[in-house]
Amino acid sequence: MLPIEGQGLFHVVTMKQLSVLLLSCLSALVADASAAVNRSLLLSYPSKPRVFVLSDISNEPDDTQSFVRFLLYSNQFQIEGMTAVTSTWLKDKVYPEQISAVVDAYAQVVDNLNQHTSPSSPYPSAEYLHSIVKCGPEVSTPVAVSTRFLLIRTQMYGMEGVGPGKNLSSGAELLLSQLRQPVDEPLWVLGWGGVNVLAETLYYIHDNFNATEAARLRAQLRVYTISDQDDSGLWIREQFPDIFYIASMHGWNQYGLATWAAISGEEYYNFDVGGPDFTKVSAAWLKEHIQIGVYGKEYPDYKYIMEGDTPTFLYLIQNGLGVREQPDYGSWGGRYSLVDLSQQVRYRQYSDAADRVIGQNNRTYASNHAAIWRWRDAYQNDFAARMQWALPVNETKAANHHPVVIVNGHVELSPLFIASTPNATVWLDASGTYDPDHDNLSFRWFQYKEPGSTDWNVGNQIPSLAVTVSGDGRRAQVTIPSEDEVCDGKSFNDSGCWTLHLILEVTDNGVYPLTTYKRVLFEITNSTQAATD
C-alpha cells in the first residue's frame, strides 16, 4: 500500500487502486488526443479525380502493396473501377480475389480512417469498392472430362482479347459505362499491368459510335501506365494518338530507365547512386512503420522493388504540388513532357522529363528518376502517417494531420496565379497557414525551374526569381527578373515571357512529418503588352 497526500490528510491506497487510477488517466488522455482535432479544419477535396485501375495483381507482391497504399488515399479519389488484368508477366490468369482481400482488410479500418479526414471528404465504403472489382477479357474452352465437357476459362493476354466478334469483358463493360457518365471530370485509367481492357473499350467505341461521339469519349480519357506491359498500349497510341497518355518510353523490359522506378528502385536498377536515401523504402523501415495493425499486415514484403505501380496515383495526390492536367509541372508521381509538339499531328503522349536535384551526397543529379525520389521523404512520411490513421484510437502513437497552406488568402490546393511584369516586386503572405494539430511548422520557398521549359540546360534558360524570406518563413518578397531575361521570346507562351514557378513547402513536426505545398505561378507580360492591355 502507498500513502497519498490529499487536503492535509494521508489516504492509503492499494497498488491495484493506483493502477486503475493511472489507467483511467491514460484513457482520458487518449480520448482527449482523439478529440483534439477539429475535423472541419482538415484538408478537404471538393474536386476528386475519377480513377479506374488495371492491375496484374499477384504476378509479384508490388501490386498488392500499391493497393494497400491506394486505399489509404481513397478519400481523395472517386474510384470507379478496379480490374484484374493480364500482363507479359501474368499471361493467362488474373486474381481479382486478391484485390478483394485488400478491400476486406480496408473494411476493418475504414471507420478509423474516417476519424482523420474532413467530414466533406469521407472514405468510400468497402461494399462500394467490392462492387467495382472486375476482370479483363477471357476465353472459355471446352475440355473433355470423362463423359462430359467442362468449360475452362482462361484470361486473354494483350491484343488476343481485342477485335471483332469478342464480347466486352466485365472490366471493359464497367469502363465503358463510367466513361459515358454525364460528368465533365476526366476519367483517369491507371495501368499497373497490361491495358487490353482499355483497348477493347476503345475498339468497341470505334465500331459502335459515330466519329464525333467516339472522339468526345476519347477526350474524356487520361491514361498513366507503368511502361508497356503488353502489346495493347502500343496499339492504342498508334490508333488513337489524340488520347492523353503518360508512359515512360524505353526498350522492352528496360524498366530501370523508366521514371516510375525511382519510387524505390535505385539499388535494384543501380541508378543515381548516392543521390536518393534508400532508408525509407527499405524492408526494415516498411516492417516498422507500414506492416502494422490489421491493415498493415496486408502489405507484403517486396520481391524486386517497393510499389512500382504507385507513381500512377501519387501523380494525382492532392497536396498542392501537382496539377493533373499539366504533367510537365511535376508531382510526387514524376514529371513528364510531350514527346512531340506538332500541332498538325496532335500526338498527346507524355514521357519522361528530368529534374535537377541535389542528392544526399551533395551532388547534383539531372535525371528523370530525380523527379520522383526528390519527394521521397514526404511521400513515405505521408504513407506512415496514414497507416497510423488506420489503427484504433487507443493504439495510434502518432496521429498527425496535414498543414493547411494559405497564401495571400488563397486556401485551395490549386495553384495561385499572379500576373506580373518584369522587375516588379511581389509580396507573398502565408501567415494564415495553420496546422490542425497545433504542430510547429517550417516554411521552405524554392523556385522549380524545370516546368515550362523543354530545354535540357534549363538552368541557363529559365531566369531566377529573387526571393527574400521573413517572418519565420511565412512571408516572401519576390522580385521578377528583368524584361531581357524573362521576356526573351523563347517561351512557348503567346507573350514570349516565361511562366515562373515558385513552390512553398510547409512541413509540420509530427512524429511522421506531413507536408502540404502551394505552387505560385507568375505569369509575366512585357511592358508593351502591359501598356496595350
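As the structure is a computational prediction, the values presented were derived from the model and not from experiment.

Caption draft 1: Region of interest: the sheet that holds strand β19 (residues 475-479). As summarised here, the arrangement of the 3 strands in space is β16-β19-β18, forming an open sheet in which the pairing is antiparallel. Pairing within the sheet leaves two strands with one partner each, and these edge strands are β16 (425-429) and β18 (466-470). The sheet shows a mean angle of 20° between the axes of neighbouring strands, taken without regard to direction. As paired elements, β18 and β19 share 5 bridges and run antiparallel to each other.

Caption draft 2: Structural detail: helix α15 (residues 376-389). Relative to the 20 Å expected for 14 residues at 1.5 Å per residue, α15 spans 20 Å between its end C-alpha atoms, a close match to the ideal helical length. Counted residue by residue, α15 has 13 buried out of 14 residues, so it is predominantly covered.

Caption draft 3: Inspection of the pairing of strand β17 (residues 441-447) at higher detail. Taken across its 7 residues, β17 has 5 buried, putting it largely inside the fold. Relative to strand β20 (residues 499-508), β17 runs antiparallel, the two sharing 7 bridges. Across the sheet, the residue bridging to F446 is I503, located in β20.

Caption draft 4: Molecular detail of the packing of aromatic side chains. A complete count under the given rule lists 24 aromatic pairs for this structure. Their ring planes at 35° and their centres at 6.5 Å tell us that Y203 and W235 sit as a pair that is tilted. Of this pair, Y203 sits in helix α7 (residues 196-208) while W235 sits in helix α9 (residues 232-239), and the two are 32 residues apart along the sequence. Relative accessible area serves as the criterion here: at 23%, Y203 is assigned to the partly exposed category.

Caption draft 5: View of the layout of surface pockets. Empty space within the largest pocket amounts to approximately 760 Å³. Those elements giving two or more residues to the lining of the largest pocket turn out to be β11 (336-338), β12 (349-352), β20 and β21 (515-524). It is β11 that provides the largest number of residues to the lining of the largest pocket, a total of 3 residues. Of the residues in the lining of the largest pocket, the class split is 13 nonpolar, 11 polar and 8 charged. Of the voids in this model, the second largest pocket is the one considered here, and its volume is about 650 Å³. Along its surface, the second largest pocket is lined by 28 residues, and V357, I358, R374, W375 and R444 are the ones closest to its centre. Elements that contribute at least two residues to the lining of the second largest pocket include exactly β13 (355-358), α15, β17, β20 and β21. The dominant element in the lining of the second largest pocket, judged by the number of residues it contributes, is α15, at 4 residues. Taken together, the residues of the lining of the second largest pocket sort by class into 10 nonpolar, 8 polar and 10 charged.

Scoring rules and cut-offs
- Residues numbered from 1 in each chain as written.
- Predicted model: local features only at pLDDT ≥ 70, side-chain atom pairs only at ≥ 80, totals over all residues.
- Heavy atoms only, no water.
- Pairing = 2+ DSSP bridges.
- Helix = DSSP H or I, 4+ residues; strand = E, 2+ residues; numbered from the N terminus.
- Axes fitted to C-alpha atoms, helices over the stretch in contact; angles between N-to-C directions.
- Expected span 1.5 Å × (residues − 1).
- Buried < 20%, exposed > 50% of the residue type's maximum accessible area, 1.4 Å probe, protein only.
- Phe/Tyr/Trp six-rings, centres within 6.5 Å; stacked < 30°, edge-to-face > 60°.
- 1 Å grid on protein atoms, 1.4 Å probe; cavity = no way out; pocket = protein on both sides within 12 Å on 5 of 7 lines; lining within 4 Å.
- Points joined across faces, edges and corners; volume = space filled by probe spheres on them.
- Nonpolar A, V, L, I, M, F, W, Y, C, P; charged D, E, K, R; others polar.

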